[in-house]
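Here is how the chains run, residue by residue.
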Amino acid sequence: MKQQLTWAQLDEKANTIRKDIIKMLEAAGSGHSAGPLGLADIFAALYFDIMNYDPKNPEWEGRDYFFLSNGHTVPVQYAAMAEAGFFDKDELLTLRKLGSRLQGHPERTKLPGLENTSGPLGSGLSQASGVAYALQYLDKQPHRFVYTVMGDGELNEGNIWEAAMFAGKYKLSQLIGFIDRNNIQIDGSTEDVMPLEDLRGKWESFGWHVQEVDGHNIESVIDAASMARAITNKPSVIIAHTIPGKGVDFMEYDYKWHGAPPNHEQAKEALAKLRTLDGKIEAGE
Amino acid sequence: MTHYQLRDDIFSDDVAQEPTRAGFGRGLKKAGEQHDNVVALCADLTESTQMHLFREEFPERFIEIGVAEQNLVTVASGLARAGKIPFTSSYAAFSPGRNWEQIRTTATLNEQPVKIVGSHAGVSVGPDGATHQMLEDIALMRVLPHMVVVVPGDSVEAEKATQAIAANGKPSYLRLAREKTPIFSTNESPFELGKAYVLREGQDVTLLGTGTMTYQLLKAAKQLAEFGVFAEVVHVPTIKPLDEDTILSSVRKTGRAVTAEEAQVAAGFGGAVAELLGEKLPTPLRRIGMYDRFGESGAPNELLDHFGLTGEKMAPVIQEFINTTPQYHKGF
């Protein structure tokens, strides 16, 4: 059932996800722009190459699990899920509106296909660890994997490091974490707010297999996930270096876009750039 | 009304005693036998919380988390997503004391059947002092949508309650005590989640007890009877959902209510009853418990006496309440 897409097709998926994020956020009138745009390539890789799932049967027992830990970036997940066929694209425009299944932060009980409820930071890695523990030790299903995406600002949370110790102790090798290393959080640069470096060293010392990739190079992301699945004695973390707001030049690198949506004019400009690939994204060959 | 069989030695000097946590330990082992998907997680307090009985029987289903209460409940939430029934245990001061937000988001809003077992609740923890004497846990848990809150009256009931929450499919909080307390129920006594039980009938006042305070109310009622005051004693092991019918029907008859708990009365069990009566049957109410203060070090029985949480100390308080308060809504 897994689609085999070319690199060019995967880049197009990422571009479609970005356009949908802009449309959703403009319609919602609130929400986070920078994080979701920066994660679009990773979500294209996850939903259109890396993960096994069935959008028509979200509870399929052979599926891989995905836990979004930094719930505020959920527009990118909704956009990827709609593109993957979990629900109709029209529903994207209900984001954050009364009665919508697309809550401002993801709620499992509202939308089939979500594995968890998150928003308050720091708990997704633990929940992913719980599933990974069950798959490895209780249900003994080595062919299934648990993926999670964390923000870098989120790594300030103690809960993350409790989970890092836990997964390291139990060598949860079916657990694969992505860190969206975009170097911004609400109050500014991560290294000013609360320094994270030596980030690789931290995870290695907790017993994790660590890789670093260009989070906008879909091929690299897919290769790293493949390597992570091949590591059988440790949990894996992939530090994905990304540009916040990627693809919309006036949003890139600017932490003010962390928690803001584009207005109509800004959305129009952003969509024009993405449509013509006038932004920083290059389509594959 | 369901007939409630009390043990016949409850007022003797050598009444059988056991901590409620011991009943939990046995109940969890039974729940493990009844359900293949029950798993147990502990934050470095496996024997204190009596999870070792489960660990000995099902070592492959026991997960040591270490001193990390946030991780304790969030890993449990993940296990629940994978189809397990996770029981988590620590001291109540730490879980749900420290990890409330994780419980709120990943267990209750996320509607996963994570079981929070908080042992060593109340001032009767004793010499460890106020840091370890959890008094706010009932309030913290009962405000959460979807959460079930159970405070068993004795170890026999704790064993039944543990098996009941294993099967209820909902996030649930089980509050336990460290010290031995008298056993008043029997294996045959009824226990159902969401039910309150009339243990003793009377018409002058309804005494509503939760947890081990129910036994103290039984003692107070016996003492009051010697002075011609006939109190009805209702045991309320499930604080959420509250058995409104049983409580209201007793209070309609007696016209006065007293609550007793080893916890903050504000937003606690007394708070729950005050909300119920305030909305549905405004009735004079006296709440016995902790009033906006922390505990302190001391011997367990000394502390219960100091804070007025024994039958001997409760009886005159109830007597004065009756003397100074008319019965409202009698025969309503």
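Quick notes on the rules
- Residues numbered from 1 in each chain as written.
- Chains lettered and ligands numbered in written order.
- Predicted model: local features only at pLDDT ≥ 70, side-chain atom pairs only at ≥ 80, totals over all residues.
- Helix = DSSP H or I, 4+ residues; strand = E, 2+ residues; numbered from the N terminus.
- Rg over C-alpha atoms; globule rule 2.2 N^0.38 Å.
- Buried ≥ 20, exposed ≤ 12 C-beta atoms within 10 Å, placed from the backbone.
- pLDDT = per-residue confidence, 0-100.
- Expected span 1.5 Å × (residues − 1).
- Contact = placed C-beta atoms within 7 Å.
- Core = buried A, V, L, I, M, F, W, Y, C linked by C-beta atoms within 7 Å.
- Domains from an automatic or database assignment.
- Pairing = 2+ DSSP bridges.
- Axes fitted to C-alpha atoms, helices over the stretch in contact; angles between N-to-C directions.
- Right-handed = clockwise from strand over helix to strand, strands pointing away.

1. Structural notes on the overall build of chain A
- The helix and strand tally for chain A stands at ten helices and seven strands.
- Relative to its length of 285 residues, chain A is compact, with a C-alpha radius of gyration of 18 Å against a globular reference of 19 Å.
- With respect to the three principal axes, the spread of C-alpha positions in chain A is 50 × 45 × 40 Å.

2. Focus on the environment of Leu207(B)
All names here are of chain B.
- Following the sequence through the fold, Leu207 ends up in strand S10 (residues 205–209).
- Overall, the presence of 32 C-beta atoms within 10 Å leaves Leu207 in the buried class.
- Sequence-wise, Leu207 and Arg256 are 49 residues apart; in three dimensions their C-alpha atoms are separated by 8.6 Å.

3. Section: the confidence of the model for chain B
- Averaged over every residue, the pLDDT of chain B is 96; the share at 70 or more is 98%.
- We note a pTM of 0.96 for the whole complex and an ipTM of 0.94 for its interfaces.

4. What about helix H6 (residues 158–169) of chain A?
- Its twelve residues give H6(A) an end-to-end C-alpha distance of 17 Å, which sits within 8% of 16 Å, the value for a rise of 1.5 Å per residue.
- Taken together, the buried residues of H6(A) touch helix H5 (124–138), strand S2 (146–151), strand S3 (175–181) and helix H8 (199–205) of chain A together with helix H3 (69–81) and helix H4 (100–109) of chain B.
- Positive backbone phi, at 50°, marks Lys171(A), one or two positions downstream of H6(A).

5. Some points on the interface of chain A and chain B
- Of the residues lining the interface, 25 residues belong to chain A; the matching set on chain B comes to 22 residues.
- Counting residues per element, the ones that place at least two in the side of chain A that touches chain B are H5 and H6 of chain A.
- Top element by residues in the side of chain A that touches chain B is H5(A). It accounts for ten residues.

6. Digging into the nonpolar core
- Within the largest apolar cluster, 182 residues are counted, with the highest numbers of intra-cluster contacts made by Phe43(A), Ala44(A), Val146(A), Leu207(B) and Ile318(B).
- Top contributing element to this core by residue count: helix H3 (residues 40–50) of chain A, with nine residues.
- When residues of this core are sorted by domain, at least three fall in each of domain 1 (17–182) and domain 2 (197–324) of chain B.
- In this structure Ile318(B) touches Val205(B), Leu207(B), Ala220(B), Leu224(B), Ala231(B) and Val258(B), once residues within four positions along its chain are discounted.

7. What about the sheet that holds S2(A)?
Residues and elements named next belong to chain A.
- Taken in spatial order, the five strands make up an open sheet running S1-S2-S3-S7-S6, and their pairing is parallel. Each edge of the open sheet is held by one strand with a lone partner, namely strand S1 (65–68) and strand S6 (209–214). For this sheet, the mean angle separating the axes of adjacent strands, direction not counted, is 20°.
- As defined by bridge partners, S1 adjoins S2 across four bridges and the pair is classed as parallel. Bridging from a neighbouring strand, Phe66 pairs with Tyr147 of S2.
- Against the sheet, H5 contacts S1, S2 and S3, and its axis sits at roughly 165° relative to S2.

8. Digging into unusual backbone geometry
- Cis geometry is adopted by the peptide bond preceding Asp198(A), which originates at Glu197(A) and carries an omega value of 5°.
- With respect to the helices and strands, Asp198(A) occurs in the loop between helix H7 (190–193) and H8.
- The linkage connecting Lys240(B) with the following residue, Pro241(B), adopts the cis geometry, with an omega of -5°.
- If you trace the backbone, Pro241(B) turns up in the loop between strand S12 (238–240) and helix H8 (244–254).
- With phi around 50°, Lys171(A) is a residue other than glycine that occupies positive phi space.
- Mapped onto the secondary structure, Lys171(A) falls in the loop between H6 and S3.
- The exposure class of Lys171(A) is partly exposed, given the 15 C-beta atoms found within 10 Å.

9. What to know about the pairing of strand S2 (residues 38–42) of chain B
Residue and element names in this part refer to chain B.
- Summarising burial for S2: five of the five residues are buried, a large majority.
- Burial along S2 is two-sided: the residues Val38, Ala40 and Cys42 and Val39 and Leu41 are all buried.
- Note: S2 against strand S4 (residues 85–91), five bridges, orientation parallel. Across the sheet, residue Val39 finds its bridge partner in S4, namely Pro86.
- Sheet topology places S2 next to strand S3 (residues 62–64); three bridges connect them, and they run parallel. Counterpart to Leu41 in the pairing with S3 is Ile63.
- Read from S2 through helix H2 (residues 52–57) to S3, the crossover connection turns out right-handed.

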